[in-house]
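Listed below, chain by chain, are the residues.
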Number of protein chains: 2
Amino acid sequence: MRGKPTLRDVAQRAGCSITTTSNILQGRSHMYKEDMVQRVLSAAHELGYRPNATARNLARRRTTTIGVVLDPQHARITHNVYAHDVLDGVLAYLEPRDYDIRLITPRANDPAAVWRRIDNGSIDGVILIAPVMGSPLLEWRHYSSLPAVAVGSTLPDEYLLSQVDIDNDAAMATLTEWVIQQGHRAIGFIKGHPLHWSAHQRERAFRRILSQHGIPIREEWILQGDYGPESGAIAATQLLSQKDLPTAVIAANDDMAVGFMQKCRELEIPVPETISVAGFDDAYWVQRMGIQLTTIQHDRYQVGYLAAQLLLHQLETGDSRPQRILIPGTLVVRRTVAPAYALASVPTPNATILTEGGSRQ
Amino acid sequence: MRGKPTLRDVAQRAGCSITTTSNILQGRSHMYKEDMVQRVLSAAHELGYRPNATARNLARRRTTTIGVVLDPQHARITHNVYAHDVLDGVLAYLEPRDYDIRLITPRANDPAAVWRRIDNGSIDGVILIAPVMGSPLLEWRHYSSLPAVAVGSTLPDEYLLSQVDIDNDAAMATLTEWVIQQGHRAIGFIKGHPLHWSAHQRERAFRRILSQHGIPIREEWILQGDYGPESGAIAATQLLSQKDLPTAVIAANDDMAVGFMQKCRELEIPVPETISVAGFDDAYWVQRMGIQLTTIQHDRYQVGYLAAQLLLHQLETGDSRPQRILIPGTLVVRRTVAPAYALASVPTPNATILTEGGSRQ
DNA sequence: GTTCGCTATAGAAACGCTTCTAAAAACACC
DNA sequence: GGTGTTTTTAGAAGCGTTTCTATAGCGAAC
């Protein structure tokens, strides 16, 4: 016996067969005499035996390993706060169940490599982190029969992928409703990244609620962003240079909302006195920065946790029919959205004056 | 051929032996006739053959997988900004080299499980993220012969572990030197988490430089922190209630420096006018918050990158003698440290008045 | 035309485990 | 003390690769 001890070494030392050793070491000791069990156990302990995972996986035809795949778009994991939270939830569920996690970050320039690295028998299932439109990962079902759960993107049914995500539509509807309830009827919107489904879902909900309330949608107040804070600032510049201004702006996420507000501060437009701002995501750093942003809070950790749970369920039952789990978001009212009752209740002229006051540049 | 195609299926279709197939598919085709090579290649392609990684690993006795192990102390990866940056660097080096990454987050309550999950033939080497004092991971050499590189902790030699870290000592020395050059001679310090080696190294450098300049060390100005922002605030309360105040405070990291400054603002003590503050780390969120903190910037990404490089080098050469790579930090001068020349050059009374002015509470 | 020395290909033994199947041992029963 | 039944234990065939070693095939050299 040179190198690491193997099952055969243990069997030899215990004076029994490999089968017996294997069985006992796997806890199937009820079928053996106490004496035998003890001999095997102590032999294994004395040799410092540790079963070889690779050999075990080969024989069992499963690996108890889950792949976590980042969309090639989000190259560096660092700047993807979303991924961290989800990953934490995934870890929290998988770790106690003795599953391992393989981190897969495909290069954008070599999509074929993705399949070579994923569907090669080294993982049992996969969690896809926020695949964006046009991502090769979406073609999953064409290339692989491995169970997969997508998180962070509520995808169209046609992709046949199980999904866990927050309910973007419902949450944005709630937020929009609330802003309207505060008396606002002139509301702008900053859209998210055009390749993210969530961006479209949030925008659609915004438009729907406005329509339901009979509020006209002013397209010049709906600006394109990309979820980055800078795009919020750019949107601010575009919006605030207009003659006629909304009394409130909803951004499709917090980063853009903060970018927007920073530009407001530069232009000395008080938030929320002149213009109310709402975000979406309840990003950790915004709170830490001391900004009292009214926003939608949602549990990304929970998303990861449930995704892992769903995946394991599919693994165990073999039932891999696509499922969709949507987690509701929560409206968090802080201070960047002020009631517009004062404005709404007084006749138009007054409101107009205030609006114009806000548009000075 | 049911299930996924194997090497045998490909061989059968190409009408040759498994050996031939394996060789050609691995690129050793120079020893075969062009005709044969083509037959194998197209057979593999037609069947959609993908080699089974588990079987390959077993036969090759290596896995081209690196484990990234988080210290049980840092439970949730989310809140460990350090780990993200390092991980990015590790990924950047490993991914193009076709290494896979296994994320290992041991539970604190079951240290034995660590070895069961790590040293079981499923990985070729390991990167240990910031092991703290008393961590079971430090006993690495007792349990495993797997190559390992520790990052984020400059450990004593006795652990026989290879390491990549920033040069805490030199960087803190530079920072302290600079604060002194600004004319400060009354300097306080907020210590980092007592279980982190970096905390001790930074403190030691601070003390050394003060001594070298013949500046007396006032123990009542050296406060315990734990690297968290709250601990910076607590230290502020403790320090600022003293009768005699330093003109500058160096915190062992940015988080504590910001916590300290927030308390200063509450107490209406202007930074840097009354008290200068310096941090360490150049944390991303601080910049984003718009705080112009003078600090030490260091490249965590680089740390991860070099750690991966070192590990692969050890894997390839078999030379696993412990090495230590220290990366220098860079002083970033922003606005929270003001020159104290004005104070230092005038006679004591004046300075005392200013100090007292700062200590009102 | 036999032998040598190539090259191209195939056979077969690992790798370390799981698990199906069969055999041996132990026991009860008539 | 056979026979049948139930426990215990062992044998052996995979799992899908890699790779060492052996064998055809074949032209060149003697």
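Described in the following lines is the structure provided in the data block. Just so it is clear, the structure is predicted and the values come from calculations on it, not from any experiment.

## As for the relation of the copies chain B and chain A
Turning to step 1, where the next piece is worked out: Once turned by 180° and shifted 0.0 Å along the axis, chain B lies on chain A with an RMSD of 0.1 Å. Such a combination of turn and shift is consistent with a two-fold rotation axis. Taking C-alpha positions as reference, the residue of chain B nearest the rotation axis is Arg102 of chain B, located at 2.2 Å.
Turning to step 2, where the next piece is worked out: Both copies present the same face, since 100% of the interface residues in chain B are matched by interface residues at the equivalent positions in chain A.

## Quick word on the protein's contact with DNA strand D
Turning to step 1, where the next piece is worked out: Close to DNA strand D lie 25 residues; Tyr32 of chain A together with Leu7, Ser22, Tyr49 and Arg56 of chain B are nearest.
Turning to step 2, where the next piece is worked out: When atoms of DNA strand D within 4 Å of the protein are split into backbone and base, the sugar-phosphate part holds 65%.
Turning to step 3, where the next piece is worked out: Note that a phosphate oxygen of DNA strand D is positioned 2.7 Å from one of the backbone N or O atoms of Leu7 of chain B.
Turning to step 4, where the next piece is worked out: Elements that contribute at least two residues to the surface near DNA strand D include exactly helix H2 (18–25) and helix H4 (53–60) of chain A together with helix H2 (18–25) and helix H4 (53–60) of chain B.
Turning to step 5, where the next piece is worked out: Tallying contributions element by element places H4 of chain B first for the surface near DNA strand D, with four residues.
Turning to step 6, where the next piece is worked out: In terms of residue class, the surface near DNA strand D is made up of eleven nonpolar, eight polar and six charged.

## Comments concerning helix H13 (residues 300–317) of chain A
Helical geometry note: an α-helix holds 3.6 residues per turn, so side chains three or four residues apart project in the same direction.
All names here are of chain A.
Turning to step 1, where the next piece is worked out: In a regular helix each residue adds 1.5 Å, so 18 residues correspond to 26 Å; H13 covers 26 Å between its end C-alpha atoms and thus fits that length.
Turning to step 2, where the next piece is worked out: Along H13, the residues classified as buried are Arg300, Val303, Gly304, Leu306, Ala307, Ala308, Leu310, Leu311, Leu312 and Gln314.
Turning to step 3, where the next piece is worked out: Buried residues belonging to H13 abut strand S1 (65–70), helix H5 (81–94), strand S3 (125–129), strand S4 (148–151), strand S5 (162–166) and strand S11 (324–327).
Turning to step 4, where the next piece is worked out: The distance from a side-chain oxygen at the start of H13 to the backbone nitrogen of Tyr301 is 3.2 Å, and the residue carrying that oxygen is Asp299.
Turning to step 5, where the next piece is worked out: Directly beyond the C-terminal end of H13, a positive phi value near 75° is found at Gly318.

## What about the interface of chain B and chain A?
Turning to step 1, where the next piece is worked out: Counting from both sides, the interface comprises 45 residues of chain B and, opposite them, 45 residues of chain A.
Turning to step 2, where the next piece is worked out: Here chain B packs against chain A, burying approximately 4300 Å² in sum over the two surfaces, 47% of which is carbon and sulfur.
Turning to step 3, where the next piece is worked out: Taken together, the connections running from chain B to chain A amount to twelve salt bridges.
Turning to step 4, where the next piece is worked out: For Glu95 of chain B, the salt bridge is made with Arg117 of chain A, and the minimal N-O distance between the two is 2.6 Å.
Turning to step 5, where the next piece is worked out: Counting the contacts that link chain B with chain A gives 22 residue pairs in polar contact (both at pLDDT 80 or more).
Turning to step 6, where the next piece is worked out: Tallied by class, the residues present in the side of chain B that touches chain A amount to 18 nonpolar, twelve polar and 15 charged.

Conventions we followed
- Residues numbered from 1 in each chain as written.
- Chains lettered and ligands numbered in written order.
- Predicted model: local features only at pLDDT ≥ 70, side-chain atom pairs only at ≥ 80, totals over all residues.
- Heavy atoms only, no water.
- Least-squares fit on C-alpha atoms with pLDDT ≥ 70 in both.
- Contact = heavy atoms within 4.5 Å.
- Near = heavy atom within 4 Å.
- Polar contact = N/O pair within 3.5 Å; in protein donor to acceptor, adjacent residues only side chain to side chain.
- Helix = DSSP H or I, 4+ residues; strand = E, 2+ residues; numbered from the N terminus.
- Nonpolar A, V, L, I, M, F, W, Y, C, P; charged D, E, K, R; others polar.
- Expected span 1.5 Å × (residues − 1).
- Buried < 20%, exposed > 50% of the residue type's maximum accessible area, 1.4 Å probe, protein only.
- Buried area = accessible area lost by both parts, 1.4 Å probe.
- Salt bridge = Lys/Arg side-chain N within 4 Å of Asp/Glu carboxyl O.

So far we have only geometry, and geometry alone does not tell us how the molecule works.
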